[in-house]
Amino acid sequence: EVQLVESGGGLVQPGGSLRLSCAASGFTFSSYDMSWVRQAPGKGLEWVSDIDSAGGSTGYADSVKGRFTISRDNAKNTLSLQMNSLKAEDTAVYYCTRIKPGTEIDYWGQGTQVTVSS
């Protein structure tokens, strides 16, 4: 059974940092591209970042470029998102997702809440 379990969310002040983690199990993690997607209160889903299976290629939404860094540890089956210089508009539920061949998302984690507020 594919499982994606996020952790690391919480309340942080503007300008602060958080590191999200996603523990993957039930599949060969190193064979899949992965991504982070978020949903702000009352808004739709927004792609944040993705990384290829080997960790050599990454992509970022313009809204987070230069502030967020995606990474993965294939030996530990873990995906991470380092978030720096957080802004109020980064407040959202963040989801770890698996990307199947063809660039479609086929599995989602349960999400972790990130709240940026003073």
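Before going into details, it helps to say that this report is about the structure given with it.

The rules we used
- Residues numbered from 1 in each chain as written.
- Predicted model: local features only at pLDDT ≥ 70, side-chain atom pairs only at ≥ 80, totals over all residues.
- Heavy atoms only, no water.
- Phe/Tyr/Trp six-rings, centres within 6.5 Å; stacked < 30°, edge-to-face > 60°.
- Helix = DSSP H or I, 4+ residues; strand = E, 2+ residues; numbered from the N terminus.
- Buried < 20%, exposed > 50% of the residue type's maximum accessible area, 1.4 Å probe, protein only.
- Pairing = 2+ DSSP bridges.
- Polar contact = N/O pair within 3.5 Å; in protein donor to acceptor, adjacent residues only side chain to side chain.
- Contact = heavy atoms within 4.5 Å.
- Disulfide = S-S within 2.5 Å.
- Axes fitted to C-alpha atoms, helices over the stretch in contact; angles between N-to-C directions.

## Looking at the packing of aromatic side chains
As enumerated under the stated definition, the model contains three aromatic pairs in all. Arranged with centres 5.7 Å apart and planes meeting at 80°, the rings of Tyr95 and Trp108 form a pair that is edge-to-face. Note that Tyr95 is positioned in strand β9 (residues 92-100) and Trp108 in strand β10 (residues 104-108), a separation of 13 residues in sequence. For Tyr95, a relative accessible area of 17% corresponds to the buried category. Judged by its relative accessible area of 37%, Trp108 falls in the partly exposed class. A network of ring pairs unites the aromatic residues Phe27, Phe29 and Tyr32 as a single cluster.

## Remarks on the pairing of strand β8 (residues 78-83)
Pairing analysis gives six bridges linking strand β3 (residues 18-25) to β8, with the strands arranged antiparallel. If you follow Ser21 over to β8, its bridge partner there is Ser80. Judged from the six bridges that link them, strand β7 (residues 68-73) and β8 form a sheet pairing that is antiparallel. Within β8, the position partnered with Arg72 by the bridge is Leu79. Counted between consecutive antiparallel strands, the loop separating β7 from β8 contains four residues, among which Asn77 sits at a positive phi close to 55°.

## Here we look at the environment of Ala88
Here Ala88 is to be found in the loop between β8 and β9. Considering only alpha carbons, one finds Ala88 and Ser117, 29 residues apart in sequence, at a separation of 6.0 Å.

## Quick word on the side chain of Arg98
The residue Arg98 is located in strand β9 in this model. Look at Arg98 and you get buried, because its relative accessible area is 7%. At a separation of 2.7 Å, a polar atom in the side chain of Arg98 contacts the side chain of Asp106. The residues touching Arg98, leaving out its near neighbours within four places in the chain, are Val2, Leu4, Phe27, Tyr32, Asp33, Met34, Glu104, Ile105, Asp106 and Tyr107.

## Structural notes on the state of the cysteines
Overall, the coordinates contain one disulfide when judged by the stated rule. Between Cys22 and Cys96 runs a disulfide, and the two sulfur atoms are separated by 2.1 Å. Residues Cys22 and Cys96 are joined through a disulfide that is left-handed, its torsion about the S-S bond being -70°. Remark: Cys96 occurs in strand β9 and Cys22 occurs in strand β3; sequence separation between them is 74 residues. Relative accessible area serves as the criterion here: at 0%, Cys96 is assigned to the buried category.

## Describing the sheet that holds β3
Spatially, four strands are ordered β1-β3-β8-β7 in an open sheet, and the strand pairing comes out antiparallel. Two strands lie at the open edges of the sheet, namely β1 (3-7) and β7, each paired on one side alone. Direction aside, neighbouring strands of the sheet carry axes that sit 15° apart on average.

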